[in-house]
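Below, each chain spelled out in residue letters.
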Amino acid sequence: IAVLQFPLLTGDIGNDTLICNGQSLPLDASSWGAATYTWLPGAASGASTTVNAQGQYIVIMDDGNGCIYRDSINLTVDDPPAITLTQSVTDACQGDPITFTAGPVSYNTFEFLLNGVSVANSPSNTYTSTTLQDGDAITVTGTTVDGCPLTYQPPLTVNIVPRPSGTVSATSVCERFVTDLEVIPSPNSTATWNGTDGLTGTGTNITHTYSTSGTWGFTVTLDNGLCQTQVPGTATVFPEPSLTIAQDRAVCEGVDLSLVSSGINVEWYDAPTGGNVVNQGNEFDINNATTSDTFWVQQVSNFGCEGPRTEVILTVNPTPIAGFFTLPDTAEEINIPTQLNFFNTTVNANQYLWFFGDGNTSDQMSPHHSYEEEGIYDVVLIASSNEGCQDTFTLGPYPVVNIHNIFIPSAFTPNGDDLNDLFEIVTY
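Residues numbered from 1 in each chain as written. Predicted model: local features only at pLDDT ≥ 70, side-chain atom pairs only at ≥ 80, totals over all residues. Heavy atoms only, no water.

Asks: What exactly am I supposed to notice about the overall build of the protein chain here?
Replies: Summing up its helical and strand segments, the protein chain has zero helices and 43 strands in all. Its C-alpha atoms give the protein chain a radius of gyration of 63 Å, clearly above 22 Å, the size a compact globule of 428 residues would have. Viewed in the frame of its principal axes, the protein chain has a C-alpha envelope of about 240 × 35 × 25 Å. Within the protein chain, the proportion of its 428 residues that are buried is 35%. Of all intrachain contacts in the protein chain linking residues separated by at least 6 positions in sequence, the fraction that spans at least 24 positions is 54%. Here the protein chain carries 5 positive and 45 negative side-chain charges, and the mean point of each set is 25 Å from the other. (Helix = DSSP H or I, 4+ residues; strand = E, 2+ residues; numbered from the N terminus. Rg over C-alpha atoms; globule rule 2.2 N^0.38 Å. Buried < 20%, exposed > 50% of the residue type's maximum accessible area, 1.4 Å probe, protein only. Contact = heavy atoms within 4.5 Å. Lys, Arg positive; Asp, Glu negative; His and termini not counted. Charge placed at Lys NZ, Arg CZ, Asp CG, Glu CD.)

Right under this line is the structure:
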């Protein structure tokens, strides 16, 4: 009996293998050197084949001498559940945090990509950003414990709404004066004001009166319907200048005077509010006053703050016009003790003081006077009003003679004998 012994074939198509869903595994049995190959399941022939379904794959080989060989491999396909991706908000304000959450949590790691660029790779299934721009796309790839990745498609996009913006300029105002506050906002924004000292209001322009000096803060909340921005601002409130002290004046017509006030940086006005500045400085000089008037004086600080106005009344009283005449008048000699009658023609006066020139006086309106000594006299009248205005009038001279007896001759003899040659009236 002849016995034929053929050498054994040896080889290996590989160890049991795990592939990810969508991948393929090439199987190669050519190392056995068999004459024919049959792959199960299926009926593929040839030394190699490619598989992608989970299961056991067997290759049956014939060496051509009737010897049959087998080899097998177990193929596991990692087929994870579909990856999910959600975002915390669809529309967000610029700078607000947006959180993206991937699932399921059974994935080993998650890699988040912003516009195709990796921004996070960790076991955490969330990614939060405050710097996203409008239209940015977020994609996430999950990796299973077997290392198989799965990407969420299509990418999520974000709608980023710009925050409203605005500017509030630094404000310097005066205590107890109405001031205008203004914000310049971005389009389609509303403005709401809140601040210390009771400041509230809505709109781009508001007014407020600060009751106390100091530095006061406020915020303007700008709202475009989705996003809000708080714009801070401050108001420096300067103290109101103190009330000036100024006295009313009463003067006589035609005099020069000065209205005087206290304070620094003093201004004089012709009206209680508004009006025109008629003088600056503590003293207001008025020459030849003829008309009563009213002025208002106030202090102005270096910051332009105006103090309350003080009313100053200027009263111009009419000046008397003194005058009189007499009977007899100055053209006649006045014989002692002839009475001189004074007739007062003064206007705008109610007090009178007469000086007759002989040391005698009178306070009557229209006095009488008799001179007792010879002489030539001037008569002075000082007329005064209740307000102290005066005028003086002087009339004279008045010749006063002392005629006691008069001798009138009954005849005369103009014969040149030096006796009674002249007709003379003699006083003695």
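Asks: What is the right way to look at the side chain of Thr-326 in this model?
Replies: With respect to the helices, strands and loops of the structure, Thr-326 is situated in strand β34 (residues 324–327). Judged by relative accessible area, Thr-326 falls into the buried class, the value being 3%. One polar contact links the side chain of Thr-326 to the main-chain carbonyl oxygen of Pro-328, over a distance of 2.9 Å. In this structure the side chain of Thr-326 is engaged in a polar contact, spanning 2.7 Å, whose partner is the side chain of Tyr-398. With sequence-adjacent residues up to four places away left out, Thr-326 is seen in contact with Leu-340, Asn-341, Phe-342, Phe-343 and Tyr-398. (Polar contact = N/O pair within 3.5 Å; in protein donor to acceptor, adjacent residues only side chain to side chain.)

Asks: Looking at this structure, I do not really get the sheet that holds strand β33 (residues 310–317). What am I missing?
Replies: Within a sheet, each strand pairs with its neighbour through backbone hydrogen bonds, oriented either parallel or antiparallel. Ordered in space as β27-β33-β32-β29-β30, the five strands form an open sheet in which the pairing is mixed. Edge positions in the sheet fall to β27 (249–252) and β30 (277–280), since each of these pairs with one other strand and no more. For this sheet the average axis-to-axis angle between neighbouring strands, irrespective of direction, equals 25°. Bridge count between strand β32 (residues 293–299) and β33: five bridges; the pairing is antiparallel. Bridge assignment links Phe-295 to a residue of β33, and that residue is Val-312. (Pairing = 2+ DSSP bridges. Axes fitted to C-alpha atoms, helices over the stretch in contact; angles between N-to-C directions.)

Asks: Explanation requested: the pattern of salt bridges in the structure shown.
Replies: Here the idea is simple: oppositely charged side chains can pair when their charged atoms come close. Applying the stated criterion across every chain yields a total of one salt bridge. A salt bridge links Asp-96 to Arg-163, with the nearest nitrogen and oxygen atoms 2.2 Å apart. In this pair, Asp-96 sits in the loop between β9 (91–93) and β10 (98–103) while Arg-163 sits in the loop between β17 (159–161) and β18 (166–167), placing the two residues 67 residues apart along the sequence. (Salt bridge = Lys/Arg side-chain N within 4 Å of Asp/Glu carboxyl O.)

Asks: Whenever I open this one, the sheet that holds strand β1 (residues 17–20) confuses me. Can you help?
Replies: With respect to topology, five strands assemble into an open sheet ordered β1-β7-β6-β3-β4, the strand pairing being mixed. The open sheet has two free edges, formed respectively by β1 and β4 (44–45), since each of these has just one partner strand. Pairing of strand β3 (residues 36–40) with β4 involves two bridges; the strand directions are antiparallel. Its bridge partner lying in β4, Trp-39 is registered against Ala-44.

Asks: When you look at the pairing of strand β14 (residues 137–143) in this model, what are you seeing that I'm missing?
Replies: Where a strand is regular, its side chains alternate between the two sheet faces. Most of β14 sits inside the fold, with six of its seven residues counted as buried. By the bridge criterion, six bridges tie strand β11 (residues 109–114) to β14 in an arrangement that is antiparallel. Considered in β14, the bridge of Glu-111 is made with Thr-141. In this sheet, strand β16 (residues 156–157) lies alongside β14 in antiparallel orientation, the contact comprising two bridges. When the bridges of β16 are listed, Ile-138 appears paired with Leu-156. In this structure, the hairpin formed by β14 and strand β15 (residues 149–151) is closed by a connection of five residues, where Gly-147 is found at a positive phi of approximately 90°.

Asks: Any chance you could explain the packing of aromatic side chains here in plain terms?
Replies: Two measures describe an aromatic ring pair: the distance that separates the ring centres and the angle between the ring planes. A full pass over the atoms with the stated rule returns 15 aromatic pairs. Ring geometry for Trp-193 versus Phe-218: centroids 5.6 Å apart, planes at 40°, classification tilted. With Trp-193 in strand β22 (residues 190–195) and Phe-218 in strand β25 (residues 214–223), this residue pair connects regions lying 25 residues apart in the sequence. A network of ring pairs unites the aromatic residues Phe-324, Phe-342, Trp-354, Phe-356 and Phe-393 as a single cluster. Here the basic side chain of Arg-309 rests over the ring of Tyr-269, its NZ or CZ set 3.6 Å away from the ring centre. (Phe/Tyr/Trp six-rings, centres within 6.5 Å; stacked < 30°, edge-to-face > 60°. Lys NZ or Arg CZ within 6 Å of the ring centre and 35° of its normal.)

Asks: Sorry if this is basic, but what is going on with the state of the cysteines here?
Replies: Taken as a whole, this structure holds four disulfides when the rule is applied. Through a disulfide, Cys-174 is tied to Cys-305; the S-S separation comes to 2.1 Å. When the S-S torsion is -90°, as for the bridge of Cys-174 with Cys-305, the disulfide is left-handed. With Cys-174 in strand β19 (residues 171–174) and Cys-305 in the loop between β32 and β33, this residue pair connects regions lying 131 residues apart in the sequence. Comparing Cys-174 with Cys-305 shows no difference in burial state: the two are buried. The connectivity of the disulfide bonds within the protein chain can be written as 1-3, 2-5, 4-7, 6-8, using the sequence rank of each bonded cysteine. (Disulfide = S-S within 2.5 Å.)

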